[in-house]
Amino acid sequence: MTDRPADNREQFRPADHDNDHFLLTSVVGSYKKPKWLDRARELYEDDADNFGDTEWEEAKDDAARLITEEHERAGLDTVVDGEMRRTEMVEYFAERIEGYEFNGRVKVWGHNYFNKPSVAENVEYGEQWLVDEFEFTDSVADRPVKVPITGPYTLANWTFNEAYEDDEALAYDLAELVNEEIEQLVDAGARYIQIDEPALATTPDDHAIVGECLERIVEDIPEEVRIGLHVCYGDYSRIYPEVLDYPIDELDLELTNGDYEQIDVFTEPEFTLDLALGVVDNHTAEVESVEEIKDNIRQGLKVVPPEQLTISPDCGLKLLPREKAYAKMENMVTAAREVEAELDAGEIDVPAAGETASADD
């Protein structure tokens, strides 16, 4: 079994960080696209318009630069470009993996649809998926860049499997492709990778399959590369404590939306990974106050000490108005910095550490 978690979070501490304690702040990935980018896509997809590849690439670059700068302005320690170049979390990758084909759009929830693909033959690695995206974002960012990538279990589970004996076999082949892509991202300089597996909590009996996928994904990936796993929805008691055996550094969980009703799930046995705690709700446009978010951060200290705590939204923010998403991020960072200062001063009890933290700890 791969030897993780690794001690690799300190590399993301900004040089000008004021507090002794450091609560790493980040986002999950997706973000509301500017309206003009949606219009640019319409022009690009309309053969009658004189809007070609050059113009479309420029529009995506401009949007990625805009959102990356927005994340940095909010004060985040690690940033994402908001997935400005991506469509949907399965569709985007299926378009780039040999063996997939598309048969039309299906309704997933509410009024949301996506182009659900089919696996018609064995999958193979063809073109790079995310390296260009990372290299551009890294070139315009002052802060470290996190790269979200849809995991093989979700890629298998959310497609029609017409080529493999079962989804498990498909997931294992996809894991090998994800590993190949991550190796190329690491060669390009990426140091923070997030595997998105929302399907895990909806089919928790398959946690062993996800574990084997992750073993294949992280094979030969250096320990200084931070590997996170994002999971949302579902009954977490059905995957805990099994997830502690996963070869990851950080487990990212949606908990705000459920008012932390499941937080006690992770207190026994001891949570040995880093916890990326969702502290703002991506399902509502109501902006949480700094004090509300500080209360949410303290929920995480029931599970892990500060040096294992990452602060994040519950999930991607793409369905929220941009001004609301930005306000949530800004308040989230302010809350994290205030909690750090209170930890330095020894003013906050840390149940996970069995003590009150101070700057001398």
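Higher on the page you've got the structure.
Heads up: these notes are all about the structure in this document. (Residues numbered from 1 in each chain as written. Predicted model: local features only at pLDDT ≥ 70, side-chain atom pairs only at ≥ 80, totals over all residues. Heavy atoms only, no water.)

**Looking at the pattern of salt bridges**
Enumeration over the complete set of coordinates arrives at 25 salt bridges. Put simply, glutamate 45 and arginine 41 hold a salt bridge, and the shortest N to O gap is 3.8 Å. In this pair, glutamate 45 and arginine 41 are both assigned in helix 1 (residues 35-45), four residues apart and thus about one turn of the helix distant. Overall, glutamate 45 belongs to the exposed group, its relative accessible area being 54%. By relative accessible area, which is 21% here, arginine 41 ends up partly exposed. A salt bridge links arginine 96 to glutamate 95; the nearest nitrogen and oxygen atoms lie 3.4 Å apart. Judged by its relative accessible area of 40%, glutamate 95 is partly exposed. What you see here is one network of salt bridges that share partners, running through Glu291, Lys294, Asp295, Arg298, Glu338 and Glu342. (Salt bridge = Lys/Arg side-chain N within 4 Å of Asp/Glu carboxyl O. Helix = DSSP H or I, 4+ residues; strand = E, 2+ residues; numbered from the N terminus. Buried < 20%, exposed > 50% of the residue type's maximum accessible area, 1.4 Å probe, protein only.)

**Observations concerning the pairing of strand 4 (residues 147-150)**
What you see with strand 4 is no split at all: Val147 and Ile149 on one side and Pro148 and Thr150 on the other are buried throughout. Inspection of the sheet shows strand 4 paired to strand 6 (residues 192-196) by four bridges, in the parallel sense. In the sheet register, valine 147 faces strand 6, and the bridge partner there is isoleucine 193. (Pairing = 2+ DSSP bridges.)

Geometric values such as these leave the question of function open.
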